[in-house]
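So the chains spell out like this:
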Amino acid sequence: MKKIIVCLLTLVVAFSFTATKNVKASGQPITVSVSRDTINIAVDIAGGGDAQLYAYDANAYYTSDPLKGISKRSSDQGELVGTYTCGSGRLFTRPRYNSQGEDRLYQKYYVIQNGKILAGPVYASIIENNKKIDIAQKSIKGIFVDDYGDLKYATKLKANSITINIGLNNFIYPSYTKKQDSGDSLQAPPAKDAIPFESNGKTFYFRNGSVTGLDATVSYATKHHMNVVGILIPWRRGGNSAYPNALRYNDKSKYPTQGMNTSTQAGEDYYIAMMEFLASRYSQGKKHGLISTYVVSNEVDFTPYFFDCGDFNTYMEELSRCLRLTNLAVKKYASDIRVVVPFTHYWAGYEKKMFKECKGNSYRPLDMMNWLIKYTNKRGAYDWGIAPHVFGTFCNDGNLARSDTKWNVLSNNYKTSKQITYSNLEVLKNYLSQSKARYNGQIRKIYMTEAGISTGAKDTSVERNNQAASIAQVYYKSVMLDFVKTFNYFRVSEHFKDGSYTAQALLDLKDHQKAAYNVYKYIDTNNSFTYANKYLKYISYKRNGKTQVSFANGKIKSWKDTMTVYSGKTNWNKLWNISKVLPAQYRNKGLEDVKNVSVKKASTKSITLKWSKNKRAQGYEINVKGYKKFRTTKNTYTIKKLKKEKKYNITIRPYQKIKGKRILGLQTDLVAYASSHAYPVTVYGVTAGKKSITVNYARSPFARGYQISYKMTKDKKWKTVNTKVLKKKITRLKSKKTYQVRIRALDRKGKGTSKYTKTYRVKVK
């Protein structure tokens with residue numbers, strides 16, 4: 001109902017479809033629920049005397065309401081629903097649709113007494129709808145899809161969800177006359193191939209070409225069991241001349257988006273029509289496909305992406321209204337469609353005081369979240385989610401944790417951390433775990449719609465290895481945090497115009513696979529660690545910005561050790577659960593990996609392996625690369641007929657038969673030698689100190705000790721140090737001089753030593 005009711009006759013009509021019933025106190029002043037045919041408004045306010053219950057459109061406000069956004073629709077009287085006596089519980093029931101076919105789902109309610117707002121505005125928070133369209137995901141792994149051609153890679157990578165941009169700029173035809181707020185009838189179809197759609201008693205028209213292209217992408221994803229996350233974004237660039245003026249904000253933004261203005265009648269009508277069209281079309285089935293999540297705009301803490309108005313409360317009201325209308329429209333068609341708000345990583349610090357990426361006003365995501373939590377709970381709580389773009393403090397460094405800890409802008413405290421990146425992602429969980437931040441007692445979900453790691457502008461082989469390592473690190477962290485719904489990697493193929501995000505992709509500019517490609521492809525399979533572990537040695541950073549940790553210095557021995565970049569409340573020893581990495585058929589089967597694998601005995605012709613028993617495994621498969629596969633039901637096995645002094649790469653997996661099929665668990669890798677003496681040493685790192693060198697290395701099978709040789713580059717003779725420890729510091733060296741270092745294992749049987757490692761060069765401090 002668009003007209004304000006001011007006369008007695010209209011009040012009589014209003015009461016003719018309004019019933020009042022006594023109801024039990026709900027604890028909320030106003031609770032609005034919507035069934036198929038009715039709107040039910042439960043009112044329970046303490047006090048005495050009569051008050052009026054009014055209905056207002058989403059962008060219409062009671063005169064004294066301090067939060068109106070930029071809307072000019074303000075009045076002391078809305079659509080009168082009925083009179084309410086304070087101190088009692090009442091249920092007001094009215095038809096869902098009015099005589100013009102408008103859906104009252106989108107209205108909000110105030111209780112007014114003597115010109116004072118007693119409660120409201122409150123929207124519908126309970127919408128009767130049993131339809132669900134979310135596809136059960138095998139894992140959180142997904143991919144950002146730029147165009148239809150990327151879908152083949154989404155399939156190859158076995159993505160469970162995709163992120164796509166839904167360009168609203170070329171989607172709906174302008175239909176109102178120039179007097180956009182007059183309520184005049186809509187014009188005739190603007191094109192022969194326009195797709196008509198009824199919304200709120202009016203007919204709107206959508207571009208067939210845009211819709212057909214969207215159909216192709218979404219239906220492909222649905223047929224391949226991928227959920228679709230759609231980013232609603234009205235670009236300024238290209239093909240936007242038809243975008244309705246009523247939806248554009250009148251700002252001077254230099255950003256490439258042009259607004260989702262719902263502050264006027266025409267703007268609200270257009271926006272609801274677009275959302276109803278999308279939700280209706282993409283909730284039916286495989287023909288058009290399913291969209292389960294809608295992200296409203298992009299990085300909205302950078303206000304030019306939505307509406308750069310210069311006032312925080314005005315901005316938040318405009319954004320909040322758009323989010324609310326989106327939620328109501330999509331819940332009309334399926335109960336589990338989610339609405340998501342996207343932020344940058346500039347959590348509690350003003351972005352414009354850091355790197356000046358934003359060409360307009362920016363707000364703290366922390367402040368915005370607090371505002372949304374406060375006012376969406378007061379106005380009728382709903383299950384909005386978050387899409388944080390937590391790439392990293394400096395996006396051009398493949399070693400994300402190392403870069404993040406350099407800038408002194410992260411912490412383990414959500415109240416003070418200037419940024420939230422993957423390095424302290426658990427901080428966001430701590431924030432969302434607050435009772436006030438939850439929805440129905442459950443922590444809100446976050447959607448990684450753009451989860452990328454750069455290989456830098458130079459895109460070197462080292463940076464590619466760093467990228468592969470960081471992808472594994474941040475994926476494992478994300479999958480251990482249950483509030484992460486999707487991890488959609490950004491992106492498949494490289495783009496020339498990515499600016500500071502150069503080389504984020506899994507494929508280079510020639511569509512060749514980077515090191516990260518297979519890491520990501522197998523990250524959620526039983527081969528996860530087989531592909532990821534080789535890059536563990538590239539992880540290095542200063543924990544809490546102070547203590548150096550790396551594979552080289554022995555402080556990182558597994559991916560679990562990389563979870564803590566900033567120490568805090570999160571107990572990663574408790575949270576770490578390797579079964580979360582596995583596909584569903586492996587979970588709770590005890591088929592993780594084989595523990596404590598070691599070489600029990602070795603000779604020039606054989607190697608005997610030993611490992612801890614896996615109680616649920618029915619057997620073990622041993623694969624000797626370039627040789628043979630063996631199976632055994634015992635926890636020891638001797639590989640025979642080997643070549644003297646040869647190195648063998650061996651993998652071992654537990655297996656179990658499930659429905660007649662042999663299912664292999666996670667792979668454990670080791671290197672062994674057909675040798676009668678000590679094995680060669682694996683060096684973790686050689687680091688320089690003040691007049692000293694520290695050497696870290698792994699334990700060598702059959703060694704009684706280790707011999708370290710060192711000399712200055714110009715010297716001819718080597719000096720040696722014998723030791724039994726796995727970390728040795730050599731002191732009393734000359735400052736500013738370059739030394740050469742090598743190490744070998746000493747055989748405990750006295751039959752000889754292993755070969756020396758390669759020579760390491762290091763300059764003493």
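Heads up: the structure comes first, above all this text.
Residues numbered from 1 in each chain as written. Predicted model: local features only at pLDDT ≥ 70, side-chain atom pairs only at ≥ 80, totals over all residues. Heavy atoms only, no water.

J.: Provide a residue-level description of the overall build of the protein chain, including the pertinent values.
T.: When you go through the protein chain residue by residue, the secondary structure sums to 12 helices and 37 strands. Sorting the 765 residues of the protein chain into buried and exposed places 57% on the buried side. (Helix = DSSP H or I, 4+ residues; strand = E, 2+ residues; numbered from the N terminus. Buried < 20%, exposed > 50% of the residue type's maximum accessible area, 1.4 Å probe, protein only.)

J.: Tell me about the sheet that holds strand β34 (residues 719-723), residues and numbers included.
T.: With antiparallel pairing, four strands are arranged side by side in an open sheet as β34-β33-β36-β37. Each having just a single partner strand, β34 and β37 (760-763) make up the two edges of the open sheet. Adjacent strand axes in the sheet meet at a mean angle of 30 degrees when their direction is disregarded. (Pairing = 2+ DSSP bridges. Axes fitted to C-alpha atoms, helices over the stretch in contact; angles between N-to-C directions.)

J.: Kindly report on the packing of aromatic side chains, identifying the contributing residues and their values.
T.: Applying the stated rule across the entire model yields 41 aromatic pairs. Arranged with centres 6.1 Å apart and planes meeting at 35 degrees, the rings of Phe394 and Trp407 form a pair that is tilted. Taken as a pair, Phe394 in the loop between β18 (385-388) and α7 (400-404) and Trp407 in the loop between α7 and α8 (426-432) lie far apart in primary sequence, 13 residues in all. On the basis of relative accessible area, Trp407 is assigned to the partly exposed category, the value being 36%. Ring geometry for Tyr476 against Phe529: centres 5.2 Å apart, planes inclined by 35 degrees, an arrangement best described as tilted. One end of the pair, Tyr476, is in helix α9 (residues 461-480); the other, Phe529, is in helix α11 (residues 528-532), with 53 residues separating them in the sequence. A residue is classified by how much of its surface remains accessible, and Tyr476, at 0% relative accessible area, is buried. With relative accessibility at 9%, the residue Phe529 sits in the buried group. Site record: aromatic cluster; members linked through ring pairs are Tyr422, Tyr475, Tyr476, Phe487, Tyr489, Tyr520, Phe529, Trp559 and Trp576. Positioned above the aromatic ring of Tyr61 is the side chain of Lys108, whose terminal nitrogen or guanidinium carbon lies 3.4 Å from the ring centre. The ring of Tyr756 carries the charged tip of Arg742 above its face, separated from the ring centre by 4.0 Å. (Phe/Tyr/Trp six-rings, centres within 6.5 Å; stacked < 30°, edge-to-face > 60°. Lys NZ or Arg CZ within 6 Å of the ring centre and 35° of its normal.)

J.: So what's going on with the side chain of Asn424? Which residues, and what values?
T.: Structurally, Asn424 can be placed in the loop between α7 and α8. Take Asn424: its relative accessible area is 0%, and that puts it in the buried class. A distance of 3.2 Å separates a polar side-chain atom of Asn424 from the backbone oxygen of Gln419. Every residue in contact with Asn424, bar those within four places of it in the chain, is listed here: Leu410, Ser411, Ser417, Gln419, Lys477 and Tyr566. (Polar contact = N/O pair within 3.5 Å; in protein donor to acceptor, adjacent residues only side chain to side chain. Contact = heavy atoms within 4.5 Å.)

J.: Lay out the environment of Trp407 with the relevant residues and their values.
T.: With 13 residues separating them in the primary sequence, Trp407 and Phe394 have C-alpha atoms 8.7 Å apart. The contact partners of Trp407, leaving out residues within four places of it in the chain, are Phe355, Thr393 and Phe394. From its side chain, Trp407 meets the backbone oxygen of Ser403 in a polar contact 3.3 Å long.

J.: Help me get a handle on the state of the cysteines, residues and values and all.
T.: Under the definition given, this model contains zero disulfides. Cys309 carries a free sulfur, and the closest cysteine sulfur to it, the one in Cys358, is 12 Å from it. By relative accessible area, which is 28% here, Cys309 ends up partly exposed. Cys358 supplies the cysteine sulfur nearest to Cys395, a cysteine that is in no disulfide, at a spacing of 15 Å. The exposure class of Cys395 is buried, given its relative accessible area of 15%. (Disulfide = S-S within 2.5 Å.)

J.: Could you give an account of the pairing of strand β4 (residues 50-56), naming the residues involved and the relevant values?
T.: Among the seven residues that make up β4, five are buried, leaving the element largely enclosed by the rest of the structure. Where β4 lies against strand β7 (residues 79-85), six bridges are found, and the strand directions are antiparallel. Paired with Gln52 across the bridge in β7 is Thr83.

J.: Run through the pattern of salt bridges, naming residues and quoting values.
T.: Where side chains of opposite charge bring their charged atoms close, a pairing between them can arise. Evaluated as defined, the whole model comprises 25 salt bridges. Measuring nitrogen to oxygen at the nearest pair gives 3.2 Å for the salt bridge that ties Asp397 to Arg402. The class of Arg402 is partly exposed, set by a relative accessible area of 28%. Put simply, Arg96, Asp103, Glu276 and Lys332 are held in one network by salt bridges that share partners. (Salt bridge = Lys/Arg side-chain N within 4 Å of Asp/Glu carboxyl O.)

J.: Let's hear about unusual backbone geometry: which residues, and what values?
T.: For the bond from Gly120 to Pro121, the omega torsion is 5 degrees, close enough to zero to count as cis. Mapped onto the elements of the fold, Pro121 is located in strand β10 (residues 116-127). A positive phi angle, close to 55 degrees, is found at Asn114, a residue other than glycine. Inspection of the secondary structure puts Asn114 in the loop between β9 (108-113) and β10. A relative accessible area of 78% means that Asn114 is categorised as exposed. Despite not being glycine, Asn544 has its phi angle at roughly 60 degrees, a positive value. With respect to the secondary-structure elements, Asn544 resides in the loop between β21 (540-543) and β22 (547-550). A residue is classified by how much of its surface remains accessible, and Asn544, at 32% relative accessible area, is partly exposed.

J.: So what's going on with empty space enclosed by the protein? Which residues, and what values?
T.: Enumeration over the complete set of coordinates arrives at six cavities of 30 Å³ or more. One number sums up the size of the second largest cavity: a volume of about 70 Å³. Residue lining of the second largest cavity: Phe343, Thr344, His345, Trp347, Pro365, Ile386, Pro388, Val390, Ile420 and Leu428, and that is the complete set. Classifying every residue of the lining of the second largest cavity gives eight nonpolar, two polar and no charged. (1 Å grid on protein atoms, 1.4 Å probe; cavity = no way out; pocket = protein on both sides within 12 Å on 5 of 7 lines; lining within 4 Å. Points joined across faces, edges and corners; volume = space filled by probe spheres on them. Nonpolar A, V, L, I, M, F, W, Y, C, P; charged D, E, K, R; others polar.)

J.: How would you summarise helix α6 (residues 365-378) if you had to cite specific residues and measurements?
T.: For α6, which comprises 14 residues, the first-to-last C-alpha distance of 20 Å matches the rise-based estimate of 20 Å (1.5 Å per residue) to within 8%. Every buried residue of α6 is accounted for by Pro365, Leu366, Met368, Met369, Trp371, Leu372, Ile373, Tyr375 and Thr376. On the buried face of α6, the contacting elements are α5 (312-331), β17 (338-343), β18 and α8. Looking one or two places after α6, you find Gly380, whose phi comes out positive at around 115 degrees. (Expected span 1.5 Å × (residues − 1).)

J.: Describe the sheet that holds strand β32 (residues 692-697), and please don't skip the residues or the numbers.
T.: The three strands are arranged β31-β32-β35 in an open sheet whose pairing can be described as antiparallel. Of all strands in the sheet, those with a lone pairing partner are β31 (683-689) and β35 (727-730), marking the two edges. Shown here is a sheet whose adjacent strand axes are inclined to one another by a mean of 15 degrees, direction ignored.

J.: Tell me about the nonpolar core, residues and numbers included.
T.: Nonpolar side chains tend toward joint burial in soluble globular proteins. Formed by 164 residues in total, the largest nonpolar core has its most connected members in Ile143 and Tyr476. It is helix α4 (residues 265-281) that contributes the most residues to this core, 10 residues altogether. In this structure, Tyr476 is in contact with Ile523, Ser528, Phe529, Ala532, Trp559, Met563, Trp576 and Val581, ignoring residues within four places of it in sequence. Listed in part, the 22 residues of the second largest apolar core include Ile622, Tyr648, Ala674 and Phe702. (Core = buried A, V, L, I, M, F, W, Y, C linked by side-chain atoms within 4.5 Å.)

J.: Kindly report on α5, identifying the contributing residues and their values.
T.: With 20 residues, α5 ought to run about 28 Å at 1.5 Å a step, and its terminal C-alpha atoms sit 28 Å apart, in line with that. If you check the start of α5, you find a side-chain oxygen 3.4 Å away from the backbone N of Asn313, and it comes from Asp311.

J.: Just give me the short version of the pairing of strand β23 (residues 598-602), but keep the residues and values in it.
T.: In the sheet, β23 pairs with strand β24 (residues 607-610) via four bridges, with the strands oriented antiparallel. Of the residues in β24, the one forming a bridge with Val599 is Leu609. If you look at the hairpin formed by β23 and β24, you'll find four residues sitting between the two strands.

J.: Pulling in residues and values, what's your account of the environment of Val599?
T.: Checked against the element boundaries, Val599 lands in strand β23. A relative accessible area of 13% places Val599 in the buried class. A sequence separation of 183 residues divides Val599 from Thr416, and the C-alpha atoms of the two residues are 50 Å apart. When sequence neighbours within four positions are dropped, the list of residues in contact with Val599 reads Ile607, Thr608, Leu609, Leu670, Ala672, Tyr679 and Phe702.

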